[in-house]
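As a plain string of letters, each chain reads:
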Amino acid sequence: MSEHKIRVDVELDTSEAQKKLDSFAKEKRKINVDVDSSDIDEASKKADNLKNKNIKVDAKVTGKETIDSTAKSLDKATKSASGFGC
């Protein structure tokens, strides 16, 4: 079996393809999108139903003792500082 090597030099003119690609990229396109917004619509209706109702919110605050203690310490520090003519 014989082996052959072939060397080919090719010069390709892509200017016409580049012009078409540039033209295509610059054109404005319209895209139609179909979105199922039923979940959003339902949530919006529920929020609208709450507008004229009283809402009770319960919250648990942790660290209240620390906050109270810090506030008392700040009050004491402020009173002590006022004795220094501040």
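Residues numbered from 1 in each chain as written. Predicted model: local features only at pLDDT ≥ 70, side-chain atom pairs only at ≥ 80, totals over all residues. Heavy atoms only, no water.

**Student:** Before we move on, could you go through the overall build of the protein chain and cite the residues and values that matter?
**Tutor:** Regarding its fold elements, the protein chain presents three helices and zero strands. Order of helices (α) and strands (β) in the protein chain, N terminus to C terminus: α-α-α. Within the protein chain, the proportion of its 86 residues that are buried is 0%. Approximately 9600 Å² of the protein chain is accessible, and the part contributed by carbon and sulfur atoms is 53%. (Helix = DSSP H or I, 4+ residues; strand = E, 2+ residues; numbered from the N terminus. Buried < 20%, exposed > 50% of the residue type's maximum accessible area, 1.4 Å probe, protein only. Areas by Shrake-Rupley, 256 points an atom, 1.4 Å probe, with all protein chains shown as cover.)

**Student:** Now, about a negative patch on the surface: what can you tell me, with residues and values included?
**Tutor:** A cluster of acidic side chains, namely Asp-34, Asp-36, Asp-39, Asp-41 and Glu-42, defines a negative patch on the protein surface. Overall, the relative accessible area of 64% leaves Asp-39 in the exposed class. (Patch = residues over 30% accessible without salt bridge, like charges linked within 9 Å, V, L, I, M, F, W, Y side chains within 5 Å. Salt bridge = Lys/Arg side-chain N within 4 Å of Asp/Glu carboxyl O. Lys, Arg positive; Asp, Glu negative; His and termini not counted. Charge placed at Lys NZ, Arg CZ, Asp CG, Glu CD.)

**Student:** Can you break down the pattern of salt bridges residue by residue, with the values?
**Tutor:** Applying the stated criterion across every chain yields a total of two salt bridges. One salt bridge connects Arg-29 with Glu-27, and the closest N-O pair in it is separated by 2.8 Å.

**Student:** Please set out a nonpolar patch on the surface residue by residue, giving values where relevant.
**Tutor:** Taken together, the side chains of Ile-6, Val-8, Val-10 and Leu-12 present a nonpolar region at the surface, about 500 Å² in accessible area. Note on placement: Val-8 falls in the segment before α1 (15–26).

**Student:** Kindly report on the confidence of the model for the protein chain, identifying the contributing residues and their values.
**Tutor:** When the pLDDT values of the protein chain are averaged, the result is 80; 85% of them are 70 or greater. Per-element confidence in the protein chain is highest for α1, whose mean pLDDT is 90, and lowest for helix α3 (residues 64–82), whose mean pLDDT is 75. (pLDDT = per-residue confidence, 0-100.)

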